[in-house]
Structures are given as structure tokens and as C-alpha cells.
Amino acid sequence: MLDLKFIRENAGAVRHAAQVKGVDIDIDDLLRVDRELVDLKQRVEAMQAERNANAKLVPKAAPDERAALIQKGKDLAEELRGLEPALRAHEDTLKVMLLRVPNIPHASVPVGKDDSENVELRREGVLPTFDFTPLDHVDLLEKQGWSDPERVARVSGSRSYLLKGEAVMLEMAVLMFAMDFLSGRGFTPLSTTALARPDAFVGSGHFPGGEDQVYKIEGDELMLAGTAEVPVNSLYAGEQLQHEQLPITFAAISAAFRSEAGSAGRDVRGLIRVHEFRKVEQYVLCEASEEVGLEWFAKILGNAEALLAALELPYRVMQNCTGDMGAGKVLMYDIETWVPSEQVYRETHSCSYLGDWQARRTGLRYRDAGGKLVFAHTLNNTGVAAPRILVPLLENHQQADGTIRIPAALRPYLGGKEVIGQPV
Ligand SMILES: Nc1ncnc2c1ncn2[C@@H]1O[C@H](COS(=O)(=O)NC(=O)[C@@H](N)CO)[C@@H](O)[C@H]1O
């Protein structure tokens with residue numbers, strides 16, 4: 001959400017942001033509703049003043065004037081009541097419209113319509129070469145007896161997954177490694193629920209708009225979030241933080257649930273796109289400064305890159321174009337990790353800076369050094385998401401005999417093992 005005053009004074013910039021982000025909102029319509037609401041409020045205030053002034057006259061009035069004054073007071077009260085519904089309707093309409101107003105993209109963001117126009121910033125790591133025919137992750141898991149896709153599909157349908165044996169230890173090792181790594185960089189570990197109230201989805205910006213991606217629970221207002229960003233972003237909703245408390249940084253591990261509505265046919269095989277997964281989420285709540293926000297953006301991006309480097313995985317960093325960054329972002333980079341079986345880089349991390357857009361809709365405020373109450377800035381990035389990260393991990397580190405070489409950084413989390421799996 002943007003400040004209404006900012007929208008009034010920068011309608012052109014906001015209209016342009018909506019246009020380049022493909023957000024369907026009519027800023028002129030919003031400003032019309034805003035003006036009508038201002039007029040209504042002014043009329044109400046004038047009538048209240050008139051009614052109050054009139055009420056003061058009654059006790060001092062001559063007996064023959066009193067009845068008329070009392071009647072005037074009743075008429076004014078009636079007229080005021082008559083304005084209530086219009087006032088409410090305008091306030092509700094404006095609130096819904098404001099929630100749809102996109103954030104202004106950073107000057108560096110390329111204009112584009114979808115991910116095909118994201119810009120590759122750089123590639124890191126060396127692509128693997130195999131002196132044998134490499135397998136994809138589905139075949140590797142199957143060969144090692146680490147999966148059971150038919151049985152789990154019978155129980156849980158498509159986009160479900162089950163890991164068995166050492167693959168489970170690998171999944172937990174990579175999650176623990178990420179938590180260790182991030183807490184070592186000062187991020188407070190959180191283990192949190194994916195259940196959240198609708199307001200938390202509004203606060204993060206997933207609602208309005210992303211409702212079809214979210215699993216709901218019959219007869220319960222709680223919903224299953226697709227990322228810990230949703231509940232974590234609302235932990236401090238409505239509070240007045242002190243600037244000494246900032247920055248608040250979390251490494252939040254949680255389950256994540258996604259309906260993947262609209263992804264029919266994409267990545268139906270294997271672990272890339274499943275309905276429930278686990279994610280370590282980097283979340284930052286910092287002071288209301290673009291300079292500080294961009295510093296944190298670089299830090300959380302660097303954390304994810306360092307994690308991938310420690311996992312010895314080649315990757316590339318993409319800058320998302322305006323059409324692929326979502327309404328709330330100022331700046332967004334995806335990290336894509338190499339998947340040998342597809343010979344392409346696939347998204348494994350998504351790093352975002354949102355300015356005060358989330359804070360404004362969540363009610364995340366702090367007293368700055370001057371004692372002024374201001375909205376904070378927020379950022380998030382993936383630390384690691386499993387099982388998706390297992391796809392490049394298994395495929396890049398597979399050996400000719402079907403075993404998997406374990407990167408040095410993960411060995412402490414796998415009892416020191418340098419290889420998992422049996423030669424097959
Ligand atoms: N359906 C899915 N199945 C498996 N992994 C997924 C799925 N959806 C997303 N992910 C993983 O979760 C990461 C973050 O998802 S995201 O929507 O791009 N971004 C967020 O959720 C942000 N909160 C940053 O983590 C993705 O990069 C991907 O690695």
C-alpha cells in the first residue's frame with residue numbers, strides 16, 4: 001500500500017507503475033473516490049459544527065425560539081445519519097482500491113511483461129561435466145529407493161512427494177545447514193506455523209489477488225500460507241516498535257502450502273513444484289530508508305548465494321522485470337540454480353525489497369530517532385526451499401555409480417559422510 005498523500009502528489013508515477021507491472025487499477029478512479037470522500041467528510045464536519053453551535057443556543061434561547069432550535073438540531077442529526085452510509089461506502093471502496101495500488105519499482109528495474117524479460121546479471125560456479133550419462137533427480141531417487149511416487153500419489157494425489165532413507169537425511173541436513181548458516185549471520189531462528197489469518201495475507205501482499213494459490217480450511221478462518229513470510233510479516237502488526245529494536249531479522253523455517261492453481265502441466269514430475277514443502281525464509285524488518293533497505297537486499301541476496309556456493313551448486317542471478325516482480329516489490333532478484341537434466345537454470349530463491357508497502361498494509365511502525373512514528377521497510381529472500389533444492393543438489397553431485405557426493409559444508413549434518421547412496 002502507498003501513502004494516499006503520495007498517490008495524490010505522484011499520480012503519474014503510480015499510474016506508470018501499475019501499467020509496467022500489469023496491475024489493473026484505475027488511479028484516476030481512486031483519486032475520484034478520494035476526493036468525494038474528502039468532500040463528504042468536510043460536509044459532515046461542517047454539519048457537526050453547525051449542530052454543536054445550534055445545541056449551545058438552546059439553553060440560552062427564549063422559550064418561543066427553543067422549539068425551532070431543538071427541531072433544527074433533530075433535522076441536522078437526521079441529515080448527518082443520512083450521510084453515514086455514503087461515508088462508509090466510500091471509505092471501504094477506497095481501502096480496497098489502496099490495497100491494489102502497486103509499489104514504485106526501483107529505477108534499475110527493467111520494464112518487461114513476464115519472466116522471459118528478466119535480465120541475467122551474472123553466473124557463478126562451474127557447470128558440471130559428466131563422463132557418464134547423468135540421470136534426472138526422479139531416476140536418481142528411484143534407483144536408490146529413496147522415493148515412492150506411485151504410492152504417495154495414491155494417497156495424496158499429484159504434486160505430492162515422499163522421500164525415503166538417506167534422501168530424508170539430505171533434506172533435513174540442507175535445512176539445518178541453512179538455519180545454522182543464517183543464525184551464524186545474526187538472523188534469529190524461528191520455527192513457525194504456516195497457519196495464518198486472512199489479514200496476514202493482506203499484510204504480506206498475497207491478498208487481494210493470490211487467494212487461489214492458498215489452501216483454506218473448511219469452517220475455519222485460518223489458511224495455509226505458501227511461505228513463512230506471511231505469518232512472520234504480521235508478528236509485529238499494530239505495534240509501535242522502538243528504532244533501537246531494528247533491524248529485526250529472522251531465519252524462519254516452516255512448512256509451505258501452495259495450490260499451484262494455474263500451473264497445470266508444469267513440472268508435474270518430481271520435486272520442483274509440489275503442494276507442500278519446507279522453506280527456510282530470510283525476513284528483515286528495517287528502518288524506513290532506501291539506502292538501508294538496499295544494503296539489506298544485498299545482504300540477504302549474498303546469504304543465499306553463499307549458501308549455494310557452500311552447496312557447490314552453479315547458479316545465476318536474475319533481475320526480475322516489472323511484469324514479473326509483483327505489485328509490492330521495489331526490487332526483486334531471482335536466483336536460478338543449474339539443473340543438468342534440463343540443461344537450464346531453475347528458480348530456487350527469490351529476493352525482494354518492498355520499501356514500506358508491506359509495513360503500511362500490515363501496520364508495522366516504529367518511533368524513529370526523532371520520536372516520529374514511521375512505517376518500517378521489509379525484505380525477504382529464500383534461504384533454502386526443500387525439496388526443490390534437492391533437484392540441483394542430487395543432479396549436480398551424482399556420480400557414475402548413482403551415489404551422491406556430499407559437499408563439504410553438508411557433511412557435518414550427515415554424520416561426516418562424503419557420499420550417500422549405494423553403488424547401483
Ligand atoms: N510449489 C513449490 N514446490 C516446491 N518449491 C517451491 C514451490 N513454490 C516455491 N517454491 C520454492 O520457494 C522459493 C520461494 O518461493 S517464492 O514464491 O518465489 N518466494 C517467496 O515465497 C518469498 N517469501 C521468498 O522465499 C522458490 O524460489 C522455490 O525454491
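Here the structure is a predicted model, which means the values were calculated and not measured.

## Considerations on the overall build of the protein
Along its length, the protein carries 12 helices and 16 strands. Of the contacts formed within the protein by residues at least 6 apart in sequence, a portion of 73% connects residues at least 24 apart. Of the roughly 19,800 Å² that the protein leaves accessible, carbon and sulfur atoms contribute 53%. When the 48 positive and 62 negative side-chain charges of the protein are each reduced to one mean point, those points stand 3 Å apart.

## Remarks on the sheet that holds strand E6 (residues 240-242)
By way of backbone hydrogen bonds, the strands of a sheet pair with one another, either parallel or antiparallel. On the basis of which strands lie adjacent, the open sheet formed by 3 strands has the order E6-E12-E13 and mixed pairing. Unpaired on one side and paired on the other, E6 and strand E13 (373-375) mark the two borders of the sheet. Across this sheet, the average inter-strand angle for adjacent strands is 40°, counted without regard to direction. Here strand E12 (residues 365-367) runs beside E13; their pairing, made up of 3 bridges, is antiparallel. Note on E13: the bridge partner recorded for Tyr 366 is Val 374.

## Quick look at the packing of helix H7 (residues 166-184) against helix H10 (residues 290-310)
Direction vectors running N to C along H7 and H10 enclose 135°, while the axes themselves pass 11 Å from each other. By the angle between their directions, the pair H7 and H10 is classed as oblique. Considering how the two elements wind past one another, H7 and H10 form a crossing that is right-handed. On H10, the residues that touch Phe 177, Ala 178, Phe 181 and Leu 182 of H7 are Asn 303, Ala 306, Leu 307 and Ala 310. Across the contact of H7 with H10, the residue classes break down as 7 nonpolar, 1 polar and no charged.

## Quick notes on the pairing of strand E10 (residues 331-339)
The buried fraction of E10 is high, at 9 of 9 residues. Note: strand E9 (residues 315-319) against E10, 5 bridges, orientation antiparallel. Paired with Tyr 315 across the strands is Thr 337, a residue of E10. Two successive antiparallel strands, E10 and strand E11 (residues 344-353), enclose a turn made up of 4 residues, where Gln 343 displays a positive phi of approximately 55°.

## Points about the pattern of salt bridges
In the structure shown here, the tally under the stated rule is 28 salt bridges. The partner of Glu 91 in a salt bridge is Arg 88, and the shortest N-O contact between them spans 2.5 Å. Taken together, the residues span about one helical turn, with Glu 91 and Arg 88 both in helix H4 (residues 63-100) at a distance of 3 residues. By relative accessible area, Arg 88 is classed as partly exposed at 39%. Residue Arg 122 pairs with Glu 124 through a salt bridge whose shortest N-O separation is 3.3 Å. By relative accessible area, which is 31% here, Arg 122 ends up partly exposed. The exposure class of Glu 124 is partly exposed, given its relative accessible area of 29%.

## Comments concerning helix H2 (residues 11-21)
For H2, the full list of buried residues reads Ala 11, Val 14, Ala 17, Ala 18, Val 20 and Lys 21. Elements in contact with the buried residues of H2: helix H1 (4-9) and helix H3 (27-60). Phi turns positive one or two residues past the end of H2, at Gly 22, with a value near 70°.

## Description of the site of the ligand
Around the ligand, the structure places 19 residues, and the nearest of them are Glu 229, Glu 260, Glu 281, Glu 347 and Thr 382. Between the ligand and Thr 348, the relevant distance is 2.9 Å, taken from an oxygen atom to a main-chain nitrogen or oxygen of the residue. At 3.4 Å, a side-chain N or O of Asn 380 approaches a nitrogen atom of the ligand. Here the ligand, which alone exposes 570 Å², has 91% of that area covered by the protein. For the shell around the ligand, the elements supplying multiple residues, two or more each, are strand E8 (276-286), E11 and strand E14 (377-386).

## Points about the nonpolar core
Counting 61 residues, the largest nonpolar core has Leu 170, Val 174, Ile 389, Leu 390 and Leu 410 as the members making the most contacts within it. It is H7 that provides the largest number of residues to this core, a total of 10 residues. If you look at the next biggest cluster of nonpolar residues, it comprises 36 residues, including Ile 25, Leu 94, Leu 99 and Val 230.

## Focus on the sheet that holds E11
Strand order across the open sheet formed by 8 strands is E1-E9-E10-E11-E14-E8-E7-E2, with mixed pairing between neighbours. Two strands lie at the open edges of the sheet, namely strand E1 (119-124) and strand E2 (188-191), each paired on one side alone. Across this sheet, the average inter-strand angle for adjacent strands is 25°, counted without regard to direction. Against the sheet, H7 touches E2, strand E7 (248-257), E8 and E14, its axis set at about 5° to E8. Against the sheet, H10 engages E1, E7, E8, E9, E10, E11 and E14, with an angle of about 150° to E11.

The rules behind each value
- Residues numbered from 1 in each chain as written.
- Predicted model: local features only at pLDDT ≥ 70, side-chain atom pairs only at ≥ 80, totals over all residues.
- Heavy atoms only, no water.
- Helix = DSSP H or I, 4+ residues; strand = E, 2+ residues; numbered from the N terminus.
- Contact = heavy atoms within 4.5 Å.
- Areas by Shrake-Rupley, 256 points an atom, 1.4 Å probe, with all protein chains shown as cover.
- Lys, Arg positive; Asp, Glu negative; His and termini not counted.
- Charge placed at Lys NZ, Arg CZ, Asp CG, Glu CD.
- Pairing = 2+ DSSP bridges.
- Axes fitted to C-alpha atoms, helices over the stretch in contact; angles between N-to-C directions.
- Parallel < 35°, antiparallel > 145°, perpendicular 65-115°, else oblique.
- Left-handed = near helix turned anticlockwise from the far one by under 90°.
- Nonpolar A, V, L, I, M, F, W, Y, C, P; charged D, E, K, R; others polar.
- Buried < 20%, exposed > 50% of the residue type's maximum accessible area, 1.4 Å probe, protein only.
- Salt bridge = Lys/Arg side-chain N within 4 Å of Asp/Glu carboxyl O.
- Near = heavy atom within 4 Å.
- Polar contact = N/O pair within 3.5 Å; in protein donor to acceptor, adjacent residues only side chain to side chain.
- Core = buried A, V, L, I, M, F, W, Y, C linked by side-chain atoms within 4.5 Å.

Shape descriptors only; they carry no functional weight alone.
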